[in-house]
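Each chain, written out:
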2 protein chains.
Amino acid sequence: MYCSGMPEAASVPAVRATIGDSEFDRDTAVTRRAPGVYDIDLSAGWTIISAVNGGYLLAVLGRALADALPHADPFTVSAHYLTASQPGPAVVRTDVVRTGRTLSTGQASLFQYDDQGREVERIRVLASYGDLGALPDDVRTTAVPPAIPPIEQCFGPDDGPAPVDGSSAITDRLMLKLDPSTLGWALGQPSGNGEMRAWFGLADGRDADPLSLLLTVDALPPTAFELGLKGWVPTVELTVHVRCRPAPGPLRVSITTRNLAGGFLEEDAEVWDSAGRLVAQSRQLARVRLG
Amino acid sequence: MYCSGMPEAASVPAVRATIGDSEFDRDTAVTRRAPGVYDIDLSAGWTIISAVNGGYLLAVLGRALADALPHADPFTVSAHYLTASQPGPAVVRTDVVRTGRTLSTGQASLFQYDDQGREVERIRVLASYGDLGALPDDVRTTAVPPAIPPIEQCFGPDDGPAPVDGSSAITDRLMLKLDPSTLGWALGQPSGNGEMRAWFGLADGRDADPLSLLLTVDALPPTAFELGLKGWVPTVELTVHVRCRPAPGPLRVSITTRNLAGGFLEEDAEVWDSAGRLVAQSRQLARVRLG
């Protein structure tokens, strides 16, 4: 989960990166060493303070599973976060649980190394993959996109007076423009509502795809900030459902919390594409430190 | 997920069963054959038509993990449903992923046997366990309990004119009283709203505990019925967060669907106890057959 400080807005790139040829694609690329074993060097470009963003890690695991399974698109991915990842070498081990005609299920773990070179597990996921392109077009959604002001009326850190707490490389890689009505926390006046809304894109202009949605659902500042809390909100578990292949263009993201209790909170994300389709839903359970 | 037909309301038992000595406890009891290997005979008492209820299966896996892990309470359980379970012998295999001071993470799979006696995996789960009793009492919940009429104004099948589609043993084991405003489907007039609300208990009067909440989140008729769909709504993935140890007395459950699209829907459950605490939240991704 995002930690603290307002995100740095990126300027619009002169040349837009494309799906398959972008920072996100290069930094999530895994190299198959053996069947079900993938090497990756976790990039320092997706860190928040010193921790690697959980959504970036989910995309890395998602890419390994897309290679290991007969289906390419994540439909539902459940991740349990075990220990904090650091930039640097890592290995992903995958296991094919079941392959079916329309859905396949796999498991994957991401490991790094301790001082003695022993593997330490960072995250374990279960995921079911399918083919989003093969789904029928029926939509009976009753949900509506979040009401966010036009992008030029929303704020990144270049636009606002709030100082940045700490430094986070990930903010250079995101186009994140927050709805000013959910920005009270940045001015020391949190609203008390567990909600955050933003326009979201990748700073190099790469459009969204099912894999980048795994990043998107965990890339906003936490709702905890608007609830008046500060500091680290580590994810315990995060499940994301990818419901539709996103159309090109900026995404709208809303995250909400209904229940902060006992030192934990849930955070629900909805991601909408430029065509007004609900393309991803996620929920995470995170720990909070009461400030 | 619940399939079809209105649930049978059970009469109030003369002698209330207790936690540890009830049908639910006997039918979810697992026998440790070896470290991390548990035998169980899946009861025919929790079936819907001929399929075993997914919430009951989750409780069986949850009980095995409570034995295998150093912590007893499920905090977050993510289940991927692979193949349909049948009443009869099964084995649960658990794996301790990580043990920590406040949280432990485990994995478990439930297997049954094919005609040749080979193991077939039914469900795989990842789960993080802790001690609900050790959590601080702080509550900043903004969610409010669902508005359900008093229990005596709600309906079980004994109270209504709707015929029962098929026969489901599970209905004999539940005290399920549905809010009449979410019962249009039973009269052939679904509201089109993806919502279902009910009072919930176990028919033998056993109070709720964290393990029985794993059953509760998947025990109502599906929201799909109120969306005008009929038939089987098989769960692909279900994640539940247990947020608080439930107080004695009946529970209130609401389930909602915001996005029915492409042949899938999500279903969110909230479970509230008699003290007005939000004790569990769940989300599942299920397939639908458009009717």
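These figures come from a predicted structure and were not determined experimentally.

Draft legend 1. Highlighting the overall build of chain A. Helix and strand content of chain A: four helices and 15 strands. In terms of C-alpha radius of gyration, chain A reaches 18 Å, essentially the compact-globule figure of 19 Å for 291 residues. Summarising its shape, the C-alpha atoms of chain A cover approximately 50 × 50 × 45 Å along the three principal directions. Burial analysis of chain A (291 residues in total) assigns 63% to the buried set.

Draft legend 2. Molecular detail of the relation of the copies chain B and chain A. Between chain B and chain A, which share one sequence, the superposing operator has a rotation angle of 180° and an axial displacement of 0.0 Å; the RMSD is 0.0 Å. Taken together, the rotation and translation relating the two chain copies correspond to the operation of a two-fold axis. Scanning chain B for the C-alpha nearest the rotation axis identifies B:Ser78, at a separation of 3.2 Å. A shared interface surface links the copies, since 100% of the contact residues of chain B are contact residues in chain A too.

Draft legend 3. Helix 2 (residues 54-68) of chain A, seen in detail. Residues and elements named next belong to chain A. Its 15 residues place the ends of helix 2 21 Å apart at the C-alpha level, agreeing with the 21 Å of an ideal helix rising 1.5 Å per residue. Here helix 2 lies mainly inside the structure; 12 of its 15 residues are buried. Listed as buried for helix 2 are Gly-54, Gly-55, Tyr-56, Leu-57, Leu-58, Ala-59, Val-60, Leu-61, Gly-62, Arg-63, Ala-64 and Leu-65. Structurally, the start of helix 2 carries an N-cap: the backbone nitrogen of Gly-55 is 2.8 Å from a side-chain oxygen of Asn-53.

Draft legend 4. Broad picture of the interface of chain B and chain A. Every contact between the two is made by 58 residues of chain B and, on the other side, 58 residues of chain A. Summed over both partners, the interface of chain B with chain A comes to about 4900 Å²; 50% of that surface belongs to carbon and sulfur atoms. Run the count over chain B and chain A and you get eight salt bridges. A salt bridge links B:Asp268 to A:Arg283; the shortest N-O distance between them is 3.5 Å. Summed over the shared surface of chain B and chain A, the result is 46 residue pairs in polar contact (both at pLDDT 80 or more). The element that contributes the greatest number of residues to the side of chain B that touches chain A is strand 15 (residues 278-287) of chain B, accounting for seven residues.

Draft legend 5. Broad picture of the pairing of strand 10 (residues 195-202) of chain A. All names here are of chain A. Across the eight residues of strand 10, seven count as buried, placing the element largely inside the fold. Looking at chain direction, strand 9 (residues 174-178) and strand 10 are connected through five bridges and run antiparallel. In the strand pairing of strand 10, Met-175 is matched with Gly-201. Taken together, the six bridges between strand 10 and strand 12 (residues 251-256) define a ladder with antiparallel strand orientation. Bridge pairing in strand 12 places Glu-195 opposite Thr-256.

Draft legend 6. Seen up close, the UniProt feature "domain: Acyl-CoA thioesterase-like N-terminal HotDog" (unreviewed entry) in chain A. Mapped onto the present numbering, the UniProt feature "domain: Acyl-CoA thioesterase-like N-terminal HotDog" (unreviewed entry) falls at residues 43-128 of chain A. Between the end C-alpha atoms of residues 43-128 of chain A the distance is 26 Å, and the span holds 17% helix and 52% strand.

Draft legend 7. Inspection of the confidence of the model for chain A at higher detail. Of all residues in chain A, 92% have pLDDT values of 70 or greater, and the mean over the chain is 91. Counting contacts from residues 1-10 of chain A, a segment whose pLDDT is below 50, to residues more than four positions away or on other chains yields 60 contacts.

Draft legend 8. Highlighting the side chain of A:Thr28. Positionally, A:Thr28 belongs in helix 1 (residues 23-28). Excluding its chain neighbours within four sequence positions, the residues that come into contact with A:Thr28 are A:Ile40, A:Tyr56, A:Ala59, A:Val60 and A:Arg63.

Draft legend 9. Examining the environment of B:Gln284 more closely. Residues and elements named next belong to chain B. Tracing the backbone through its elements, the reader meets Gln-284 in strand 15. Here the alpha-carbon distance between Gln-284 and Ala-169, two residues 115 residues apart in the chain, equals 23 Å. Among the polar contacts listed, one links the side chain of Gln-284 to the side chain of Asp-218, at a separation of 2.9 Å. A polar contact is formed between the side chain of Gln-284 and the side chain of Thr-235, at a distance of 2.7 Å.

Draft legend 10. The pattern of salt bridges, seen in detail. Residue and element names in this part refer to chain A. Tallied over the full model, the rule gives 38 salt bridges over all chains. Glu-121 is the salt-bridge partner of Arg-124, the closest N and O atoms lying 2.8 Å from each other. Judged by relative accessible area, which is 9%, Arg-124 ranks as buried.

Draft legend 11. Spotlight on the packing of aromatic side chains. Residue and element names in this part refer to chain A. Within the structure shown, the criterion is met by eight aromatic pairs over all chains. With centroids separated by 6.1 Å and ring planes inclined at 80°, the aromatic side chains of Phe-24 and Trp-46 adopt a geometry described as edge-to-face. Of this pair, Phe-24 sits in helix 1 while Trp-46 is found in the loop between strand 2 (37-42) and strand 3 (47-48), placing the two residues 22 residues apart along the sequence. Among the aromatic residues, those joined into a ring-pair cluster are Phe-24, Trp-46 and Tyr-56.

Draft legend 12. Spotlight on the environment of B:Thr105. As for its position among the elements, B:Thr105 is in strand 7 (residues 104-113). Accessibility expressed as a relative area gives 5% for B:Thr105, which makes it buried. Residues B:Thr105 and B:Gly205, spaced 100 residues apart in sequence, show a C-alpha to C-alpha distance of 32 Å. Sequence-distant contacts of B:Thr105, defined by excluding residues within four places in its chain, comprise A:His80, A:Leu82, B:Leu69, B:Val96, B:Val97, B:Arg98, B:Ala127 and B:Ser128. A polar contact is formed between the side chain of B:Thr105 and the side chain of B:Ser128, at a distance of 3.0 Å.

Draft legend 13. Focus on the pairing of strand 1 (residues 31-34) of chain B. Residues and elements named next belong to chain B. Pairing between strand 1 and strand 2 (residues 37-42): three bridges, direction antiparallel. Across the sheet, residue Ala-34 finds its bridge partner in strand 2, namely Val-37. Once strand 1 ends, the chain turns through two residues before running back antiparallel as strand 2, passing Gly-36 with a positive phi of about 80°.

Draft legend 14. View of the side chain of B:Arg252. Residues and elements named next belong to chain B. If you trace the backbone, Arg-252 turns up in strand 12 (residues 251-256). For Arg-252, which is buried and forms no salt bridge, the nearest opposite charge comes from Asp-273, at a distance of 5.9 Å. A polar side-chain atom of Arg-252 sits 3.2 Å from the main-chain carbonyl oxygen of Asp-273.

What counts, and at which threshold
- Residues numbered from 1 in each chain as written.
- Chains lettered and ligands numbered in written order.
- Predicted model: local features only at pLDDT ≥ 70, side-chain atom pairs only at ≥ 80, totals over all residues.
- Heavy atoms only, no water.
- Helix = DSSP H or I, 4+ residues; strand = E, 2+ residues; numbered from the N terminus.
- Rg over C-alpha atoms; globule rule 2.2 N^0.38 Å.
- Buried < 20%, exposed > 50% of the residue type's maximum accessible area, 1.4 Å probe, protein only.
- Least-squares fit on C-alpha atoms with pLDDT ≥ 70 in both.
- Contact = heavy atoms within 4.5 Å.
- Expected span 1.5 Å × (residues − 1).
- Polar contact = N/O pair within 3.5 Å; in protein donor to acceptor, adjacent residues only side chain to side chain.
- Buried area = accessible area lost by both parts, 1.4 Å probe.
- Salt bridge = Lys/Arg side-chain N within 4 Å of Asp/Glu carboxyl O.
- Pairing = 2+ DSSP bridges.
- UniProt positions renumbered as here; feature names shortened; annotations may be inferred.
- pLDDT = per-residue confidence, 0-100.
- Phe/Tyr/Trp six-rings, centres within 6.5 Å; stacked < 30°, edge-to-face > 60°.
- Lys, Arg positive; Asp, Glu negative; His and termini not counted.

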